[in-house]
Amino acid sequence: MNISKLQQRYEGKAKKVFATSDPSYYIVEYKDDATAFNGLKHGTISGKGIINNKMSNMMFKLLEKNGVKTHFVEQLNDRETVVKAVEIVPLEIIIRNVAAGSFSKRYGVEEGRELICPTLEFSLKNDALNDPLINDSHIIALGVATEKELGEIREMAYKVNEVLKKFFAGIGVKLIDFKIEAGRLKDGSIILADEISPDTCRFWDAKTNEKLDKDRFRRDLGGVEEAYQEIFKRINNV
């Protein structure tokens, strides 16, 4: 694409977002910075930005082929991608297939327990409030999203889960849970945004239950870079 990178609009824990010469598009730059526990733990995972950029784009392309509209436009280089300019809906949209992490702690369920059905939960994106869980009524009452938008987000989240579960099962990986975000285009339509990577998903090896995601960083398990490289290698070999 013939667009120029302009001023930085936003910097998050894992990415920077830049305006471009075309207001319909942003450029996202992926960093190697790693955080956990709402920013309380900081570190660096060498090469993470490259893996997350490339992997997210591969997943977005897969989802587009399966009818999920995303913000992906074009990968520029190892760390930068052009995306559609969206207004992020301030919700973390979480699908869980297996009990793990905060779900296990919150409900006293052993980690690794298969859930009877996928669960969908929302957290308000607000670091100062520690991203609290929020229900449909609160979301609508606070004007975070409309009832129609919530319906579209739910449908999108379950479709993403269906496509990704099947894909990762094919490369010997259990999709334990994941967090996605939704964006609004100027016409008000809802599309998938943010990223799909070991930062935002829990991946376990299907045979050994070895963790292949950011939990290795969160829990000081070691082998963090190797886990990211392993999941990316499996995807690349498809």
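See the structure printed just above.
The structure reproduced in this document is the subject of the present report.

Procedures and definitions
- Residues numbered from 1 in each chain as written.
- Predicted model: local features only at pLDDT ≥ 70, side-chain atom pairs only at ≥ 80, totals over all residues.
- Heavy atoms only, no water.
- Helix = DSSP H or I, 4+ residues; strand = E, 2+ residues; numbered from the N terminus.
- Rg over C-alpha atoms; globule rule 2.2 N^0.38 Å.
- Buried < 20%, exposed > 50% of the residue type's maximum accessible area, 1.4 Å probe, protein only.
- Contact = heavy atoms within 4.5 Å.
- Pairing = 2+ DSSP bridges.
- Axes fitted to C-alpha atoms, helices over the stretch in contact; angles between N-to-C directions.
- Phe/Tyr/Trp six-rings, centres within 6.5 Å; stacked < 30°, edge-to-face > 60°.
- Lys NZ or Arg CZ within 6 Å of the ring centre and 35° of its normal.
- Parallel < 35°, antiparallel > 145°, perpendicular 65-115°, else oblique.
- Left-handed = near helix turned anticlockwise from the far one by under 90°.
- Nonpolar A, V, L, I, M, F, W, Y, C, P; charged D, E, K, R; others polar.
- 1 Å grid on protein atoms, 1.4 Å probe; cavity = no way out; pocket = protein on both sides within 12 Å on 5 of 7 lines; lining within 4 Å.
- Points joined across faces, edges and corners; volume = space filled by probe spheres on them.
- Core = buried A, V, L, I, M, F, W, Y, C linked by side-chain atoms within 4.5 Å.
- Polar contact = N/O pair within 3.5 Å; in protein donor to acceptor, adjacent residues only side chain to side chain.
- Salt bridge = Lys/Arg side-chain N within 4 Å of Asp/Glu carboxyl O.
- Expected span 1.5 Å × (residues − 1).

Of regular secondary structure, the chain possesses six helices and 14 strands. Relative to the globule expectation of 18 Å for 238 residues, the C-alpha radius of gyration of the chain, 17 Å, shows essentially globular dimensions. Along the three orthogonal principal directions, the C-alpha set of the chain runs to about 50 × 40 × 35 Å. Taken over 238 residues, the chain has a buried fraction of 51%. Considering only contacts in the chain between residues 6 or more positions apart, those separated by 24 or more positions represent 57%.

Attention now goes to the sheet that holds strand E3 (residues 25-30). A sheet is described by the order of its strands in space; here five strands give the open sequence E1-E2-E3-E7-E6, paired in antiparallel fashion. Only two strands of the sheet have a single partner each, and these edge strands are strand E1 (5-11) and strand E6 (72-75). The mean inter-strand angle of the sheet, taken between neighbouring strand axes irrespective of direction, is 30°. Sheet topology places strand E2 (residues 15-20) next to E3; five bridges connect them, and they run antiparallel. Directly across from Lys 15, in E3, lies its bridge partner Tyr 30.

Moving on, we come to the packing of aromatic side chains. Both the distance between ring centres and the angle between the ring planes are used here to describe each pair of aromatic rings. Scanning the entire structure with this criterion turns up three aromatic pairs. Through a chain of ring-to-ring contacts, three or more aromatic side chains come together here, namely Phe 167, Phe 168 and Phe 203. Lying over the aromatic face of Phe 18, Lys 5 brings its terminal NZ or CZ to 4.1 Å of the ring centre.

What follows covers the packing of helix H1 (residues 48-65) against helix H4 (residues 147-169). As a packed pair, H1 and H4 sit with axes 10 Å apart at the nearest point and diverge in direction by 115°. Considering the angle they form, H1 stands roughly perpendicular to H4. The chirality of how H1 crosses H4 is right-handed. Judged by residue contacts, Met 55, Met 59, Leu 62 and Leu 63 of H1 engage Val 160, Val 163, Leu 164, Phe 167 and Phe 168 from H4. A class-by-class count of the residues in the contact of H1 with H4 yields nine nonpolar, no polar and no charged.

Let us now look at the layout of surface pockets. Size it by volume and the second largest pocket reaches roughly 240 Å³. In terms of lining, the second largest pocket is formed by Gly 67, Val 68, Lys 69, Glu 152, Glu 155, Met 156, Lys 159, Ser 189 and Ile 190. A per-element tally of the lining of the second largest pocket places H4 first, with four residues. Here the lining of the second largest pocket is composed, by residue class, of three nonpolar, two polar and four charged.

Next up on the list: the nonpolar core. Counting 49 residues, the largest nonpolar core has Leu 91, Ile 93, Phe 122, Val 160, Phe 168, Leu 192 and Phe 203 as its most contacted members. At nine residues, the largest contribution of residues to this core is made by H4.

We now examine the packing of H1 against helix H6 (residues 224-236). Running from N to C, H1 and H6 point in directions that differ by 35°, and their axes come no closer than 10 Å. Note that H1 runs across H6; the crossing there is left-handed. Taking contact as the criterion, the partners of Lys 48, Ile 51, Asn 52, Lys 54, Met 55, Met 58 and Met 59 in H1 are, on H6, Tyr 228, Gln 229, Ile 231, Phe 232, Ile 235 and Asn 236. For the contact of H1 with H6, the per-class residue count stands at eight nonpolar, three polar and two charged.

Note that Glu 29 resides in strand E3. There is a polar contact of 3.2 Å between the side chain of Glu 29 and the side chain of Lys 5. Every residue in contact with Glu 29, bar those within four places of it in the chain, is listed here: Lys 5, Ala 14, Lys 15, Lys 16, Phe 18, Arg 79 and Glu 80.

Moving on, we get to the pattern of salt bridges. In the structure shown here, the tally under the stated rule is 31 salt bridges. Among the ionic contacts, a cluster of salt bridges with common partners joins Arg 96, Arg 106, Glu 111, Glu 121, Asp 177, Arg 202, Lys 211, Asp 215, Arg 218 and Arg 219.

Here Lys 16 shows up in strand E2. A sequence separation of 15 residues divides Lys 16 from Lys 31, and the C-alpha atoms of the two residues are 7.6 Å apart. Every residue in contact with Lys 16, bar those within four places of it in the chain, is listed here: Gln 8, Tyr 10, Glu 11, Ile 27, Val 28, Glu 29 and Lys 31.

On to H4, then. The terminal C-alpha atoms of H4, which comprises 23 residues, lie 33 Å apart, in line with the 33 Å expected from a rise of 1.5 Å per residue. Every buried residue of H4 is listed here: Glu 149, Leu 150, Ile 153, Met 156, Ala 157, Val 160, Asn 161, Val 163, Leu 164, Phe 167 and Phe 168.

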